[in-house]
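# Structural features, examined
Okay, here's what each chain looks like letter by letter:
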Amino acid sequence: MLNERPFLSIRELSVGGLFAALIAGGAFVKVTLPTEPFPMHFTLQWFFVLLAGLLLNRRLAGAAVGVYLLVGLLGVPVFASGGGPAYLLRPTFGYLIGFAVAAYGMAWLCENIRVLDYAKLLLVSVAGLLVYYGIGVLYYWLVCRILIFQEITWQILLFQCFLLTVGEDFILCVAAASVAVRLRGLVRSTLYDYTGNMGRNR
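In what follows, the accompanying structure is described. The model shown is predicted, which means the values in this text are computed figures rather than measured ones. (Residues numbered from 1 in each chain as written. Predicted model: local features only at pLDDT ≥ 70, side-chain atom pairs only at ≥ 80, totals over all residues. Heavy atoms only, no water.)

Looking only at helices and strands, one finds six helices and two strands in the chain. Scanning the chain from its N terminus toward the C terminus, one meets helices and strands in the order α-β-β-α-α-α-α-α. Principal-axis analysis of the C-alpha atoms places the extent of the chain at approximately 55 × 35 × 25 Å. The burial tally for the chain puts 44% of its 202 residues in the buried class. Long-range pairs, those at least 24 residues apart, make up 72% of the contacts in the chain with a sequence separation of at least 6. Summed over all atoms, the accessible surface of the chain reaches about 10200 Å², with 71% contributed by carbon and sulfur. Measuring between centres, the 14 positive side-chain charges of the chain sit 7 Å from its 9 negative side-chain charges. (Helix = DSSP H or I, 4+ residues; strand = E, 2+ residues; numbered from the N terminus. Buried < 20%, exposed > 50% of the residue type's maximum accessible area, 1.4 Å probe, protein only. Contact = heavy atoms within 4.5 Å. Areas by Shrake-Rupley, 256 points an atom, 1.4 Å probe, with all protein chains shown as cover. Lys, Arg positive; Asp, Glu negative; His and termini not counted. Charge placed at Lys NZ, Arg CZ, Asp CG, Glu CD.)

What follows is the structure, encoded as structure tokens:
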């Protein structure tokens, strides 16, 4: 029991906090698109979520995004349109949930792929992109139909919740994969002890 490894080490907690702060900072680098019933935002948050998923293990990637979400829901204005528990009722909150699921999923994929080159990292990024948008679009539709009783056609949903920003987010996937292929080895060797428990988290 004395040798049991903690959920996250001090070093991991520091890096996780850094990524949570980077994701929060990315919310302030944004382009607001005046769509209805709520505006959509293109931000740099997805870039830092991508890096978390591609560079960290699944525990740390999920925890970093989870801390960011918790801070925002507690009222700190770290989301693109503010913060607070009422943000759960915004149709666009699903994209933030998508951040957490995508980060964890991308990290899990990276841990289970034997050799990671640029092409594989880009494929993992695109898989994360589809998860992120899938959850975001579904949540948007559910909130509009069930909570605010706003009729929304599938054409509007497809255009403003997917096509409007997916091209820019794909460019962020390309950029993040380019950065990750150069930094992954350094980050992993710095954070994790490959001879011990963390050896399974490649």
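Attention now goes to helix H6 (residues 154–191). Taking 1.5 Å as the rise per residue, H6 with 38 residues should run 56 Å; its terminal C-alpha atoms sit only 44 Å apart, a clear shortfall. Along H6, the largest kink reaches about 50° and is centred on Leu183. (Expected span 1.5 Å × (residues − 1). Bend = angle between axes of the 7 residues up to and from the residue.)

Trp46, Leu56, Tyr68, Phe79, Leu96 and Tyr132 are the most contacted members of the largest nonpolar core, which totals 59 residues. The set of elements that each furnish at least two residues to this core consists of helix H1 (10–26), strand S2 (40–43), helix H2 (45–55), helix H3 (58–73), helix H4 (93–112), helix H5 (118–147) and H6. (Core = buried A, V, L, I, M, F, W, Y, C linked by side-chain atoms within 4.5 Å.)

On to the environment of Leu70, then. Considering the arrangement of structural elements, one finds Leu70 in helix H3. We classify Leu70 as exposed; its relative accessible area is 52%. Here the alpha-carbon distance between Leu70 and Gly84, two residues 14 residues apart in the chain, equals 9.3 Å.

Any two packed helices are characterised by the angle at which their axes cross and by the distance between the axes. One way to put it is that H1 packs onto H3 with a least axis distance of 8 Å and a crossing angle of 50°. In terms of orientation, H1 and H3 fall into the oblique class. Considering how the two elements wind past one another, H1 and H3 form a crossing that is right-handed. Contacts between H1 and H3 involve Glu12, Val15, Gly16, Phe19, Ala20, Ile23 and Ala24 from the first element and Arg59, Leu60, Ala64, Val65, Val67 and Tyr68 from the second. In the contact of H1 with H3, the residues fall into ten nonpolar, one polar and two charged. (Axes fitted to C-alpha atoms, helices over the stretch in contact; angles between N-to-C directions. Parallel < 35°, antiparallel > 145°, perpendicular 65-115°, else oblique. Left-handed = near helix turned anticlockwise from the far one by under 90°. Nonpolar A, V, L, I, M, F, W, Y, C, P; charged D, E, K, R; others polar.)

So, on to empty space enclosed by the protein. Scanning the entire structure with this criterion turns up one cavity of 30 Å³ or more. Here the largest cavity defines a volume of roughly 270 Å³. Taken together, 17 residues form the lining of the largest cavity, with His41, Gln45, Thr92, Tyr95 and Tyr132 sitting closest to its centre. Ranked by residue count, the leading element in the lining of the largest cavity is S2, at four residues. Here the residues of the lining of the largest cavity sort into eleven nonpolar, five polar and one charged. (1 Å grid on protein atoms, 1.4 Å probe; cavity = no way out; pocket = protein on both sides within 12 Å on 5 of 7 lines; lining within 4 Å. Points joined across faces, edges and corners; volume = space filled by probe spheres on them.)

Attention now moves to the pattern of salt bridges. Throughout the structure, instances matching the rule amount to one salt bridge. Note that Glu111 is salt-bridged to Arg58, the shortest N-O span being 2.1 Å. In this pair, Glu111 is assigned in helix H4 and Arg58 in helix H3, connecting sequence segments 53 residues apart. For Glu111, a relative accessible area of 3% gives the class buried. Using a relative accessible area of 27% as the deciding quantity, one classes Arg58 as partly exposed. (Salt bridge = Lys/Arg side-chain N within 4 Å of Asp/Glu carboxyl O.)

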